[in-house]
Structure formats: structure tokens, C-alpha cells
Amino acid sequence: MLKALMPSPAASRRAVKKAQRTATKAARAATRTATTSRSSTPAKRKKASRPTTGARADLWSSPGGGRSQPDPATLGKGRWHQHRYTGVAGTRAYRVYIPKGLRRTTRAPLLLALHGCTQTGLDFAAGTRFNDLADTHQFIVVYPDQAVTHHAQRCWNWFRSGHQLRAAGEPAILAGIVRQVVQESSRWRVDPDRIYAAGISAGGGMALVLAATYPELFAAVGVHSAPPFRTASGPADALAAMQGAGQAPTPAAPLPPMIIFQGTADGTVRASNAERIAGQWLESQPEGTVGKGRQTRQDPPRTSSGRGPRPHRVTRWSADRRVRLELWVVEGLGHAWSGGSVHGSYSDARGPRASTQMWRFFARHAATAPTGLAGR
């Protein structure tokens, strides 16, 4: 996923166009086959093969590579709203998922979910199944979309120095999206003390950037398969950072509570990065406030299908008798969301389920300092 940083924009556009031409030819061939094999009227055949249009057409636009997006109606039982944020730092589109049964006047937690390279918000929603958890636990999910005009492979620019600062670049845009969603009061209401962020790969890297640049805005953050904060300052050293190179500086302010997931078989982001992120978090905390990490190992029993949860080890650090940092290292997991759905990309169906564990961790944390909703 993060390896997609390397192709040039021109090469990426050519690849996308080629994939789209291939998909178009395949669709036409399928339509011709269906025409000769079915007995329905020509008008009905034509209607069945026509792409979805109308008010929801933008929800169905094809992501990079010509791959179709999931049907939003299949992603949870709640309602979708589509919006666009525009600020000094730029513009991005995003979708808001309101869980089924949530009352308009109820202040609900908010989760900012950041997709990885070549993905979209809908693809990430399908793979993580965050909406199913939202329906159960009554929280709002916000899915921003990175545009190909800002990165040819839809990567969040975690690796560029201009997007690693407060009040600048994509951190400012994403913080602006959160503030815009929180300011809404007619269709939903957000608990400003229970705002969280989670992402995978480039999205995980950007979630970490948000934790460092807007620590007062987020009560907790989840990072899956990503490099540490500011280990790269441009595309030239991004791959090296993903392989464990680059110095991991100490953030200027203490990072909020964090849960980290990483697979040992990840060939895109080396597993050592997870320990480096944990070290970066520990270094950001006031000296003497965090206890020694306690590690446990779980070896789930083998199933007859061989598809049960993978062995994994979990290390937890506490402060004031509360777990503030969790590190999950999953054996044999590649560059994919642990315990995700097969309907999303970069998703491994075997557990442990990262989404479930992240929400469990988030639900135990609320902001302890004034929120950053009114600031830059």
C-alpha cells in the first residue's frame, strides 16, 4: 500500500486508464453475453447494465485501478451524509456515517477513519467494519477521502514536511473536518471529549501526525501498519522510513493514549516500526509517569479450517492505573487490517480483530484537557 508512493503521477494515470479500458471491455463482453443468454426485453437489459447515476453517483465513483467501490447500503444499517470541507489549507470531501438508532440529541463519540493508499473511505469502511461497531456502540464515523489530485495513489502525505505541522497541510484539513462535524447540531451531536482517530498504512501515518500536531483534539488514536512520526520528510526517504530507517524524534507535546497494530510478515512496513512508535510515545510522556510495559502472549487454538485468529502478543503500559498504550504484534500478518472483512482491500480476515480492540481501547478514554475545537 505505502509502496504505491514510488510510481510517478504520469505512470499512475496510465495504469489507471489501462485498467479502466480493460474493465470497460470486460463489461461490454459480459453485456453481450447476457444479451444472448437472457430473454428479457432490450430496454431492461440496457437498464441493468447501465452504471448507477443520479444523486448518489459520486458515492460509486471508481477508485484507483478501476476497482468498484462497495455499495454504501451494505456498510452498516445507519445513514450516510456526504460533505466537503474547505479551509485555508485546502479542500477535501468526506462522508459521515450515523449509526442506526442514534438519537439526534444524543452526544455521541466520533471516530475519524483514515484509509490507506489506493483506497477510499468506503473501501476502508468495508474492510474494517467500523460501521457495524458503530451500530452496536452508537458512535459516529467520519471517512475523509484523499483525492488523486493531491496524491496519484490516494495516499495521505504523512511523509512530506509540509504535512507534518499544526495549522498547515493535511493535518489542518483533517482537524478542520473534525471541527466541522462537531459544529453540526441539527442532524447529529458529537461529544467533544470523545473524539478518536484511526488509520492504516498512509492513513495510520497521518493518524500519528494528528496525534502529534493536535494532541488536545483526540482522546485516543489507533495506528495500524505505519512508520513513526517525522521519520521521513519527502518521497525520497519514505520507503526507507517504512523499512525502519530514519530517526524518530520526540514530539513536542505528550501524545494521547494510543493503540498500535502491526504484523510480523508485513513486507511494506517493517514490524520494527511498531516498537519505534511505542518508543516515540513513551518518550513524549512526562518522565516517571508511565509504568513498565507488561506483555502477554496469546496462542489461539487451531481451527479445523486453519482460519482462526493468529498468535499475537500484547504489551500494555499504564499511568495512574489506566492503560495508556497498547502494542499488538500479530504473527504472520502482512500489510493488512487484522481481522477485517474480505469485502475490503488490504484486509486479513483472520483475527485478532483490530477494529474491535481499537474501539474497546477508545471507549475507555476521554479528553483530559480543553479540546482544540476552537483553535487552529
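Residues numbered from 1 in each chain as written. Predicted model: local features only at pLDDT ≥ 70, side-chain atom pairs only at ≥ 80, totals over all residues. Heavy atoms only, no water.

**Looking at the overall build of the chain**
Helices and strands together make up the secondary structure of the chain, namely nine helices and twelve strands. For the chain, buried positions account for 51% of its 376 residues. Contacts in the chain between residues far apart in sequence, at least 24 positions, make up 71% of those at least 6 positions apart. Carbon and sulfur atoms make up 51% of the accessible area of the chain, which amounts to about 17100 Å² in all. (Helix = DSSP H or I, 4+ residues; strand = E, 2+ residues; numbered from the N terminus. Buried < 20%, exposed > 50% of the residue type's maximum accessible area, 1.4 Å probe, protein only. Contact = heavy atoms within 4.5 Å. Areas by Shrake-Rupley, 256 points an atom, 1.4 Å probe, with all protein chains shown as cover.)

**Description of the packing of aromatic side chains**
Counting across every chain of the model gives eleven aromatic pairs. When the ring of Phe-261 is compared with that of Trp-328, the centres are 5.1 Å apart and the planes differ by 10°; the resulting orientation is stacked. Here Trp-328 lies in strand S10 (residues 322–330) and Phe-261 lies in strand S7 (residues 258–263), a separation of 67 residues in the sequence. Of the two residues, Phe-261 and Trp-328, neither departs from the other in class, the shared state being buried. Here the aromatic cluster, defined as three or more aromatic residues joined through ring pairs, consists of Phe-139, Tyr-196, Trp-359 and Phe-362. (Phe/Tyr/Trp six-rings, centres within 6.5 Å; stacked < 30°, edge-to-face > 60°.)

**Considerations on the sheet that holds strand S4 (residues 140–145)**
The pairing of strands in a sheet happens through backbone hydrogen bonds and is either parallel or antiparallel. An order of S1-S2-S4-S3-S5-S6-S7-S10-S9-S8 is seen for the ten strands of this open sheet, with the pairing classed as mixed. Because the sheet does not close on itself, it has two edges, and the strands there are strand S1 (79–87) and strand S8 (294–298). Taking each pair of neighbouring strands and ignoring which way they run, the sheet shows an average axis angle of 20°. Where strand S3 (residues 107–114) lies against S4, three bridges are found, and the strand directions are parallel. Its bridge partner being in S4, Leu-112 is matched across the sheet by Val-142. (Pairing = 2+ DSSP bridges. Axes fitted to C-alpha atoms, helices over the stretch in contact; angles between N-to-C directions.)

**Structural notes on the nonpolar core**
Residues Leu-112, Trp-158, Val-181, Phe-218 and Met-258 are the most contacted members of the largest nonpolar core, which totals 59 residues. Phe-139, Ala-354, Trp-359 and Phe-361 belong to the second largest nonpolar core, which has 33 residues in total. (Core = buried A, V, L, I, M, F, W, Y, C linked by side-chain atoms within 4.5 Å.)

**Considering helix H8 (residues 272–284)**
End to end, H8 covers 19 Å across 13 residues, agreeing with the expected 18 Å (1.5 Å per residue, within 8%). Looking at H8, one finds that the buried residues are Asn-273, Ala-274, Arg-276, Ile-277, Ala-278, Gln-280, Trp-281 and Ser-284. (Expected span 1.5 Å × (residues − 1).)

**Re the environment of Arg-322**
Relative to the helices and strands, Arg-322 resides in strand S10. A relative accessible area of 33% places Arg-322 in the partly exposed class. The spacing of Arg-322 and His-365 is 43 residues in sequence and 9.3 Å in space, taken between C-alpha atoms. Not counting residues up to four positions away in its chain, the partners in contact with Arg-322 are Trp-317, Arg-364 and His-365.

**Re the pairing of S10**
With respect to burial, S10 is a largely interior element, seven of its nine residues being buried. As paired strands, S7 and S10 are joined by six bridges and run parallel to one another. The residue bridging Ile-260 from the neighbouring strand is Leu-327, located in S10. Bridge count for strand S9 (residues 312–319) against S10 is eight bridges, and the pairing is antiparallel. By the bridge assignment, Trp-317 is partnered in S10 with Leu-325. Counting the residues in the hairpin turn of S9 and S10 gives two residues, including Asp-320, whose phi is positive at 55°.

**A look at unusual backbone geometry**
Residues Gly-351 and Pro-352 are joined by a peptide bond in cis, for which omega reads 5°. Tracing the sequence through the fold places Pro-352 in the loop between strand S12 (347–348) and helix H9 (354–363). Despite not being glycine, Ala-167 has its phi angle at roughly 65°, a positive value. If you trace the backbone, Ala-167 turns up in the loop between S4 and helix H5 (169–183). The class of Ala-167 is partly exposed, set by a relative accessible area of 29%. The phi dihedral of Ser-201 is positive, around 60°, even though this residue is not glycine. When you line up the elements, Ser-201 lands in the loop between strand S5 (189–200) and helix H6 (202–213).

**Side note on the pattern of salt bridges**
Scanning all chains against the criterion turns up ten salt bridges. By sharing partners, the salt bridges in this structure join Arg-297, Asp-299 and Glu-331 into a single network. (Salt bridge = Lys/Arg side-chain N within 4 Å of Asp/Glu carboxyl O.)

**Focus: the confidence of the model for the chain**
Per-residue pLDDT for the chain has a mean of 85; in total, 80% of the residues score no lower than 70. In this model, residues 3–13 is a region of pLDDT below 50 whose contacts with residues beyond four sequence positions or in other chains number 20 contacts. Contacts of residues 22–66 to residues separated by more than four positions or lying in other chains number 34 contacts, the stretch itself having pLDDT below 50. (pLDDT = per-residue confidence, 0-100.)

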